[in-house]
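Here are the chains, one letter per residue:
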Amino acid sequence: MLLSGSEIVMECLLREGVDVIFGYPGGAILPTYDAMTKYPQIHHVLVRHEQGASHMADGYARATGRVGVCIATSGPGATNLVTGLATAMMDSVPIVAITGQVPRAAIGTDAFQETDVTGVTIPVTKHNYLISDIHELAYCIKEAFYIARTGRPGPVLIDIPKDVQNEKIEFVYPEGEIRLPGYRPPTAANESDVFAARELINKAQRPIILAGHGIIMSGAVQELRELSERAQIPVSLTLLGKGAMPEDHPLCIGMMGMHGNAASNHAIQESDLIIALGMRFDDRVTGNLKTYAPHAKKIHVDIDPSELNKNVKVDVGIAGDLRTVIAQILPGVEGNTHPDWLNRIRDWQEDSSERDILYNYEGNTLIAAQVINDLWKYTNGEAITVTDVGQHQMIEAQYYPHRRPATLLTSGGLGTMGFGFPAAIGAKFGRPDEPVWAIVGDGGFQMTMCEMATAVQENVDVKIAIINNGFLGMVRQWQEFFYEERYHATPMVNPDFCKLAEAFGMPSMRVTSRDQIQGAVEFANSHKGPVLIEFVVEKEEIVYPMVPAGADLDKMIRRPKKGEKQS
Amino acid sequence: MNNNNPSKQVVVALVENKPGVLNRVASLFRRRNYNVDSLTVGRTHKRHVSRMTIVVDVARTDVRQIVANLYKLVNVIDVKALTGEPHVSRDLALIKVRTDDVESRNAVTEVCDRYPARIVDIGTKYAIVEITAQEDLVEHLIDELRPIGIVELVRTGVVAMGRGVRILDTDYEPVNHHQTTGDLERYGV
Ligand SMILES: Cc1ncc(C[n+]2csc(CCOP(=O)(O)OP(=O)(O)O)c2C)c(N)n1
Ligand SMILES: [Mg+2]
């Protein structure tokens, strides 16, 4: 079959099972846009900014475990994708990005809309390609999908010169396996490491499991639960690990780290064994590395060998697929109860409950914790929530317990404001039968709110909850704690979000008191399509607890108990 | 080499001989803040495979981290840290020195006699000295020539190879994309 490069792109996408792509056209990618007209099986979503396309592909991928696809033109189109690629890279999300490039003969001449896109994106992609020969095109696309989804997943970019898109060749799809000599993701652990890990687990008095994104991506939820239950080992979650263990499970002690549950942080510091599964000891979860978990032996399992001993020196480091490795370790793990240890953790948890703002708040304004906890209640805790970055993100992590994997989608590693709303649109395309809520700050929403037009054009059934505190709240919090309350460049004069929604053609509602929340959720659910709810909340709230950057993990700034003074 | 400097380590990598691979490696070292002493790259006896020798300063970074991160690059076929294993390493330098009087000319000749070095070009003003040796020997020679008057100097950086049966090789054969027949064998089927 004689096909053009553009048609080959579409044929390859079809064979990868792609049903939706997010993109924006322009000169250098126009041949491929034209070829799309012959492939109606693949739905193209026209975004309003290429950053949105990259986050939508990301949200789609996080929600489904499949590869998300975005597409853009050369130069500015491609550079607009960069934030989304970096976001996906940090959180190991499989994306394939396709960009147009100026014709081969023009490369290197500073041609109109020419950017060295493969050069620009080397640090923010798992791999990338500049297609210099149409004969390589199909194979490279196949390889790109393979690399994106296998091993430690990540974004892969394919830059295709316009003349390659136009060129025609006799097309033969490269059936068969990918052969990559330098790419062999690890799978199972060797027996001696399995034995060593088991020994440590069976001997530990105060063990704790730190479960991360890897558990969800490798589908090891069941194995994790079995390990935890069999030996009664408490499980603490990273932000991206939320959903790896149901948060109402008695052994799940919630999130760790800078704004984690105090009980988790204390438990880590007092533990005698850390079993780190698919997490990477980011500085936001360890605090001061020098004083981190000083009494603990450490087992670390991760698919990426370069994560082992990177931040934290470990006693047993295993590079492998979590599901396989936990299943290898399990058979020799003895039943255990650890009653003293679990009781000690209970005490910390009780102390935290006494400080919980949800039960102690005496003001009559709306606070974000109430909004998010009520959202949890009125969505039966079953929604897919996609957050932006800031205080509302941490409050969602604290007050919206998740029970299932891949139901909290959030930019953890890069902390990309503007991620939430477009990622929610992508997630809805991936899981159309589930309710999807974008929980965003008033600051971050304004970074990508142009995608309201996309949501309306596509009638995407996402609900937007803006937690409007009139501030870049998280930065304001740092200014309050660490910059003597000099609130510079954090107060915002915001647009009227409800009127904006209306202008975009989206129903909206403003909520200013707690008794309106349930009605608002019902209102949102009564419309099939995008709906915006603005929650006007207390302006100067603080997310507690907080481990100041670089401080010891258990040296948290805590919310005072009733009648107690801030220490 | 470098037994006298334990913070230097030699890493060798087999990489696909494709455009941009050097860029990826350089980008990795910059991105991860690794300290590169020297990096050489050249072809091997296999057309599709190039080989890099990288000398890194590991005062700050564990060499295992560097190896693991290099291996993560898709185009890197194999990586090995050579330090700690018996190996041969060589650095080549061309050194242009002043030879515009009898003393300097004699001095250069005398120094070269004591090293595995030779004079490869000589004129009334300058001579070019070539040395191929272990890095520390090259450095000693440079130190001895310096007082005579070095005006130009170039070094290749270290290349290294494990001794004896320690063989770093690959049977990698690239896919031939130009075969457009239905021949599936080339995809490993
Ligand atoms: C693109 C980007 N720019 C800047 C930051 C730094 N930053 C982190 S949180 C935050 C404030 C977010 O404000 P808002 O969206 O209103 O959320 P809130 O914290 O008020 O809930 C800022 C500016 C960031 N994370 N991402
Ligand atoms: Mg805000």
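Residues numbered from 1 in each chain as written. Chains lettered and ligands numbered in written order. Predicted model: local features only at pLDDT ≥ 70, side-chain atom pairs only at ≥ 80, totals over all residues. Heavy atoms only, no water.

The subject of this paragraph is the state of the cysteines. All told, the structure shown has zero disulfides over all chains when counted by the stated rule. Looking at A:Cys140, it has no disulfide partner, and the nearest cysteine sulfur is the one in A:Cys12, 9.9 Å off. (Disulfide = S-S within 2.5 Å.)

A separate point is the interface of chain B and chain A. Opposite the 29 residues of chain B that make contact, chain A presents 29 residues. In total, about 2600 Å² of surface goes out of reach between chain B and chain A, with carbon and sulfur atoms giving 56% of it. Of the charged contacts, one joins B:Lys72 and A:Asp304 as a salt bridge, the two residues approaching to 2.6 Å between their closest N and O atoms. For the side of chain B that touches chain A, the secondary structure elements donating two or more residues are helix H1 (21-31), helix H2 (63-72) and strand E4 (76-81) of chain B. (Contact = heavy atoms within 4.5 Å. Buried area = accessible area lost by both parts, 1.4 Å probe. Salt bridge = Lys/Arg side-chain N within 4 Å of Asp/Glu carboxyl O. Helix = DSSP H or I, 4+ residues; strand = E, 2+ residues; numbered from the N terminus.)

Within a sheet, each strand pairs with its neighbour through backbone hydrogen bonds, oriented either parallel or antiparallel. Residue and element names in this part refer to chain A. Read from one edge of the open sheet, six strands run E16-E15-E17-E18-E20-E19, paired in parallel fashion. Edge positions in the open sheet fall to strand E16 (408-409) and strand E19 (508-511), since each of these has one partner strand only. Relative to the sheet, helix H17 (residues 368-378) contacts strand E17 (436-441), strand E18 (462-468) and strand E20 (531-536), its axis offset from that of E18 by approximately 160 degrees. (Pairing = 2+ DSSP bridges. Axes fitted to C-alpha atoms, helices over the stretch in contact; angles between N-to-C directions.)

Residue and element names in this part refer to chain A. Around the magnesium ion (ligand 2), the protein contributes the donor atoms Asp 442 (OD), Asn 469 (OD1) and Phe 471 (O), which lie 2.0 to 2.2 Å from the metal centre. Along the chain, the residues donating to the magnesium ion (ligand 2) fall in the pattern D-x26-N-x1-F. Grouping residues by exposure puts Asn 469 and Phe 471 together as buried. (Donors = N, O, S within 2.8 Å, 3.2 Å for Na, K, Ca; no water. Buried < 20%, exposed > 50% of the residue type's maximum accessible area, 1.4 Å probe, protein only.)

Let's shift gears to the side chain of A:Gln165. The residue A:Gln165 is located in helix H8 (residues 162-166) in this model. Setting aside residues up to four positions removed in sequence, A:Gln165 forms contacts with A:Ser4, A:Gly5, A:Ser6, A:Ala28, A:Ile29, A:Pro31, A:Thr32, A:Gly100, A:Gln101 and A:Ile160.

With that settled, the discussion passes to helix H19 (residues 420-430) of chain A. Taking burial as the measure, the 11 residues of H19(A) include 10 buried ones, the bulk of the element. What H19(A) keeps buried is the set A:Gly420, A:Phe421, A:Pro422, A:Ala423, A:Ala424, A:Ile425, A:Gly426, A:Ala427, A:Lys428 and A:Gly430.

Attention shifts here to the site of ligand 1. Residue and element names in this part refer to chain A. Around ligand 1 sit 18 residues, and of these Gln 391, Gly 415, Asp 442, Gly 444 and Gly 473 come closest. A distance of 2.8 Å separates a nitrogen atom of ligand 1 from a polar atom in the backbone of Gly 415. Contact between ligand 1 and Met 474: an oxygen atom at 2.9 Å from a main-chain N or O atom of the residue. Protein burial of ligand 1: of its 590 Å² of free accessible surface, 76% is covered by the chains. Mapped onto the shell around ligand 1, the elements with two or more residues apiece are helix H18 (391-399), helix H20 (442-448) and helix H22 (473-482). Top contributing element to the shell around ligand 1 by residue count: H20, with four residues. Residue composition of the shell around ligand 1, by class: eight nonpolar, nine polar and one charged. (Near = heavy atom within 4 Å. Polar contact = N/O pair within 3.5 Å; in protein donor to acceptor, adjacent residues only side chain to side chain. Areas by Shrake-Rupley, 256 points an atom, 1.4 Å probe, with all protein chains shown as cover. Nonpolar A, V, L, I, M, F, W, Y, C, P; charged D, E, K, R; others polar.)

So, on to the domain arrangement of chain A. All names here are of chain A. Under the domain assignment, chain A is made up of domain 1 (2-170), domain 2 (191-350) and domain 3 (356-536). Taken together, the contacts link 25 residues of domain 1 with 26 residues of domain 3. Note on domain 1 versus domain 3: buried area summed over both sides is about 1900 Å², and carbon and sulfur give 66% of it. Applying the counting criterion to the domain 1 and domain 3 interface returns zero salt bridges. (Domains from an automatic or database assignment.)

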